[in-house]
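Below, each chain spelled out in residue letters.
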Amino acid sequence: MTQFAWEPEFAIGHAEIDSQHRKIIDILNNLYALLSNKSDEFHTKTELLFDELAEYVSTHFAYEEELMLNSGYPPDDFAAHKHIHNTLLAQVQRIALAHHDGDESALSELLPFLYGNWLIDHICGTDRLYADCVC
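A brief report on the enclosed structure follows.

Reading the values: the criteria
Residues numbered from 1 in each chain as written. Predicted model: local features only at pLDDT ≥ 70, side-chain atom pairs only at ≥ 80, totals over all residues. Heavy atoms only, no water. Helix = DSSP H or I, 4+ residues; strand = E, 2+ residues; numbered from the N terminus. Buried < 20%, exposed > 50% of the residue type's maximum accessible area, 1.4 Å probe, protein only. Expected span 1.5 Å × (residues − 1). Axes fitted to C-alpha atoms, helices over the stretch in contact; angles between N-to-C directions. Parallel < 35°, antiparallel > 145°, perpendicular 65-115°, else oblique. Left-handed = near helix turned anticlockwise from the far one by under 90°. Contact = heavy atoms within 4.5 Å. Nonpolar A, V, L, I, M, F, W, Y, C, P; charged D, E, K, R; others polar. Phe/Tyr/Trp six-rings, centres within 6.5 Å; stacked < 30°, edge-to-face > 60°.

1. A short note on the environment of Asp-132
Okay, step 1: With respect to the helices, strands and loops of the structure, Asp-132 is situated in helix H5 (residues 128-134).
Okay, step 2: When its relative accessible area of 75% is taken as the criterion, Asp-132 is described as exposed.
Okay, step 3: Along the sequence, Asp-132 and Ala-98 sit 34 residues apart, while their C-alpha atoms lie 38 Å from each other.

In structure tokens, the structure reads:
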């Protein structure tokens, strides 16, 4: 894998959401850089990155969910989207806990998860479903 760049097709058309999605790509790139250049402080730096990711994701999801609720997004669709958010966050937390408990291989699972499940599937797929309602 290589560094990730923001691509126009990642945009959903809402300035704040697109900015937050760019921040997720920044975190992805920070993780890639850590994995590519392991140093003596590797474990500490990855712990900090997990903390940043978990905090940022929680804030981002809350923002998206409030935006959907305030825009009149259909309740059933909102519930389904919120469930996906909870699943994604639980997966990040599971990987973070495994890493915290000493499983260094957990990091090799995180980057493909963030790129595939999150960036490609969620941002470029699921998030597009609410774009017309909030933009």
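Here the narrative resumes.
2. Points about helix H2 (residues 42-70)
An α-helical turn contains 3.6 residues, so any two residues separated by three or four positions project in the same direction.
Okay, step 1: Here H2 spans 42 Å end to end across 29 residues, near enough to the 42 Å set by a 1.5 Å rise per residue.
Okay, step 2: Where H2 ends, the next residue or the one after it, Gly-72, has phi of about 80°, a positive value.

3. Here we look at the packing of helix H3 (residues 75-100) against helix H4 (residues 106-126)
Okay, step 1: Where H3 meets H4, the closest approach of the two axes is 10 Å, and the angle between their N-to-C directions is 165°. On the basis of their axis angle, the class for H3 and H4 is roughly antiparallel. Crossing of H3 against H4: the hand is left-handed. Where H3 abuts H4, its residues His-81, Ile-84, His-85, Leu-88, Gln-91, Val-92, Arg-94, Ile-95, Ala-98 and His-99 lie against Ala-106, Leu-107, Glu-109, Leu-110, Phe-113, Leu-114, Asn-117, Trp-118, His-122 and Thr-126.
Okay, step 2: Its residues placed into classes, the contact of H3 with H4 shows eleven nonpolar, seven polar and two charged.

4. Regarding the packing of aromatic side chains
We describe a pair of aromatic rings using the distance from one ring centre to the other and the angle between the two ring planes.
Okay, step 1: Under the defined criterion, the tally for this structure stands at five aromatic pairs.
Okay, step 2: Judged by centre distance (4.9 Å) and plane angle (20°), the ring pair of Phe-4 and Tyr-115 falls under stacked. Placement of Phe-4 in the segment before helix H1 (15-36) and of Tyr-115 in helix H4 is noted, with a sequence separation of 111 residues between them.
Okay, step 3: By relative accessible area, Tyr-115 is classed as partly exposed at 31%.
Okay, step 4: Through a chain of ring-to-ring contacts, the aromatic side chains of Phe-61, Phe-113 and Trp-118 assemble into a single cluster.

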